[in-house]
Amino acid sequence: MAKKSMIAREDKRLKLNNRYNAKRVALRAVIIDQSLSYDERWDAMISLQKLPRDSSKTRQRNRCALTGRPHGYYRKFGLSRNKLREIILLGQAPGVSKASW
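Residues numbered from 1 in each chain as written. Predicted model: local features only at pLDDT ≥ 70, side-chain atom pairs only at ≥ 80, totals over all residues. Heavy atoms only, no water.

Q: Could you give an account of a nonpolar patch on the surface, with specific residues and numbers?
A: Together, Tyr-38, Trp-42 and Met-45 give the surface a local cluster of nonpolar side chains, amounting to about 340 Å² of exposed area. Mapped onto the elements, Met-45 comes out in helix 2 (residues 38–50). (Patch = residues over 30% accessible without salt bridge, like charges linked within 9 Å, V, L, I, M, F, W, Y side chains within 5 Å. Areas by Shrake-Rupley, 256 points an atom, 1.4 Å probe, with all protein chains shown as cover. Salt bridge = Lys/Arg side-chain N within 4 Å of Asp/Glu carboxyl O. Helix = DSSP H or I, 4+ residues; strand = E, 2+ residues; numbered from the N terminus.)

Below is the structure:
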């Protein structure tokens, strides 16, 4: 089980990303637009840098939904390898069965 503070930090990052995502997209569009003046693009770049760091999508870490474990994460299931194995062996994961050949 991951520390509760780490899980809370990830929740905070998700909320910040949801709050500032539209503003980030708009500022990036201004920065990329070559038809605008240099000063306008520079102001947009400074505004983007003033946004909270944790509002960036790249700061988020994929974590297991059950334990909060950051390593061995499977995107398709949203679980770490340990919990995924337990759930598969119990037969609770749809469309997955233990391999035998």
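Once you've had a look at it, read on.
Q: Before we move on, could you go through the nonpolar core and cite the residues and values that matter?
A: Leu-16, Tyr-20, Leu-27, Ile-31, Ala-44, Leu-48 and Leu-51 form the largest nonpolar core, which has 7 residues in total. Elements supplying a minimum of two residues to this core: helix 1 (4–32) and helix 2. With residues up to four places along the chain from it excluded, the contact list for Leu-16 reads Asp-54 and Ser-55. The next biggest cluster of nonpolar side chains, apart from the first, holds 5 residues, and it includes Leu-79, Leu-84, Ile-87 and Ala-93. (Core = buried A, V, L, I, M, F, W, Y, C linked by side-chain atoms within 4.5 Å. Buried < 20%, exposed > 50% of the residue type's maximum accessible area, 1.4 Å probe, protein only. Contact = heavy atoms within 4.5 Å.)

Q: An account of the packing of helix 1 against helix 2 is requested, with residue identities and associated values reported.
A: Close contact between helix 1 and helix 2 brings their axes to 8 Å; oriented N to C, the two are set at 150°. Between helix 1 and helix 2, the angle falls in the class roughly antiparallel. For the crossing formed where helix 1 meets helix 2, the hand is left-handed. Taken together, the residues of helix 2 that come into contact with helix 1 (itself represented by Arg-24, Leu-27, Arg-28, Val-30 and Ile-31) are Glu-40, Arg-41, Ala-44, Met-45, Ser-47 and Leu-48. Class assignment for the residues of the contact of helix 1 with helix 2 results in 6 nonpolar, 1 polar and 4 charged. (Axes fitted to C-alpha atoms, helices over the stretch in contact; angles between N-to-C directions. Parallel < 35°, antiparallel > 145°, perpendicular 65-115°, else oblique. Left-handed = near helix turned anticlockwise from the far one by under 90°. Nonpolar A, V, L, I, M, F, W, Y, C, P; charged D, E, K, R; others polar.)

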